[in-house]
Amino acid sequence: MSVGDIERAKREGKLAVAFDIEGAGAIQDQLSLIQLYYDLGVRWMLIAYNQNNLAGGGCHDDDPGLSDFGKQMVEEMARAGMVVCCSHTGDRTTLDVMAYSSVPVILSHSNPRANWDHPRNVPDKILDACAKGGGVVGINGIGIFLGENDCSTAAILRAVDYAVERIGADHVGLGLDYAFDQEEVAQYVRANRYIFPPGSGYDSGLNMAPPEQMPEITEGLLKRGYAERDIRAILGGNFLRVAKQVWR
């Protein structure tokens, strides 16, 4: 998958698909797997998925910060052309990554914590660091990260507005994180309680904004007076810019 493939698919009315890996536990201690995964179509990887690993800390764990191995991993990802993502990652590790990385870092599906206080969401200092490094924050469409399990367009637009006001439209995108088989997600949560702490809303039956909500979100941005140029950036242009900078 290349940026050219995405642009051609858009012109031809087709869907371009790239893969991500949710957490560097997928490589264990083998940095060579990064290039292998890239060759198989993986274009970004999360540092952690809620829990700590060899690279750094997760958002639901006692975050120790980016490790020496994590620094090597960030360097190798930049060399291979794989985008570093800090969604699901602990605050300390995220800030370490953004300070260390030589290329833009993204939060592919994370919401502002100031807009809704949840440990999976990110504080203003991380929004600021992401934008300073040229990265993008993708607003998540999962209800418990937007409000009282509220995945409405209004809730999503509130998060978009906050992020845009904080860091500018050039650093905000959408990462709805929708799962088509929601029962499978529920079963995974029940089977992995250590990843999804009690009292964090995961047992409430996650409401998710589906892709079919995108036209309504776009209409909402237009009604709010967003410029067409900024809407295009939020709907995918910003993430495409990062891909152009990082992918090989």
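Treat the numbers as computed from the prediction; the structure is a model and nothing was measured.

Some remarks on the packing of aromatic side chains
The geometry of an aromatic ring pair is captured by two quantities: the separation of the ring centres and the angle between the planes.
Then comes step 1: Enumeration over the complete set of coordinates arrives at five aromatic pairs.
Then comes step 2: Look at phenylalanine 145 and tyrosine 202: their rings are 6.2 Å apart centre to centre, the planes differ by 70°, and that puts the pair in the edge-to-face class. Taken together, the residues phenylalanine 145 in the loop between β4 (137-139) and α6 (153-167) and tyrosine 202 in the loop between α7 (182-191) and α8 (214-223) connect sequence positions 57 residues apart.
Then comes step 3: The aromatic ring of tryptophan 247 is capped on one face by arginine 43, whose charged end is 5.7 Å from the ring centroid.

Some points on the pattern of salt bridges
Then comes step 1: What the rule picks out here adds up to 15 salt bridges.
Then comes step 2: With a closest N to O distance of 3.3 Å, arginine 166 and aspartate 124 form a salt bridge. Note that arginine 166 is positioned in helix α6 and aspartate 124 in helix α5 (residues 124-132), a separation of 42 residues in sequence.
Then comes step 3: The closest approach of N and O atoms between aspartate 170 and arginine 229, which form a salt bridge, is 2.5 Å. Taken together, the residues span a long stretch of sequence, with aspartate 170 in the loop between α6 and β5 (172-174) and arginine 229 in helix α9 (residues 228-246) at a distance of 59 residues.

Focus: the nonpolar core
Then comes step 1: Judged by nonpolar contacts, the single largest core of 60 residues is most densely connected at Ile47, Met73, Ile156 and Val160.
Then comes step 2: When residues in this core are grouped by element, the largest group, eight residues, is from α6.
Then comes step 3: Contact partners of methionine 73, with chain neighbours within four places excluded, come to Ala24, Ile27, Leu31, Ile34, Met45, Ile47 and Ala55.
Then comes step 4: The next biggest cluster of nonpolar side chains, apart from the first, holds 10 residues, and it includes Ile144, Ala179, Phe196 and Tyr202.

About the thresholds
- One numbering rule holds for all chains: residues counted from 1, following each sequence as written.
- pLDDT decides what is reported in this predicted model: residues at 70 or higher carry local features, side-chain atom pairs at 80 or more are listed and counted, and totals for whole chains, interfaces and linings draw on all residues regardless.
- Side-chain calculation: all heavy atoms of the structure are included, whereas hydrogens and water are not.
- Only centres within 6.5 Å qualify two rings of Phe, Tyr or Trp (six-membered ring in Trp) as a pair; their planes then separate them into stacked at under 30 degrees, edge-to-face at over 60, and tilted for everything else.
- Put simply, DSSP marks the helices as runs of H or I at least four residues long and the strands as runs of E at least two long, and each gets a number from the N terminus on.
- Comment: the charge-over-ring label is applied if NZ (Lys) or CZ (Arg) is within 6 Å of the ring centre and within 35 degrees of the ring normal.
- Salt bridges, as used here, are contacts in which a Lys or Arg side-chain nitrogen is within 4 Å of a carboxyl oxygen on Asp or Glu.
- To form a nonpolar core, buried Ala, Val, Leu, Ile, Met, Phe, Trp, Tyr and Cys residues must be joined to one another through side-chain atoms within 4.5 Å.
- Each residue is placed in one exposure class: buried if its accessible area under a 1.4 Å probe, protein chains only, is under 20% of its type's maximum, exposed if it is over 50%, and partly exposed if it falls in between.
- Here, residues are in contact when the closest pair of their heavy atoms is within 4.5 Å.

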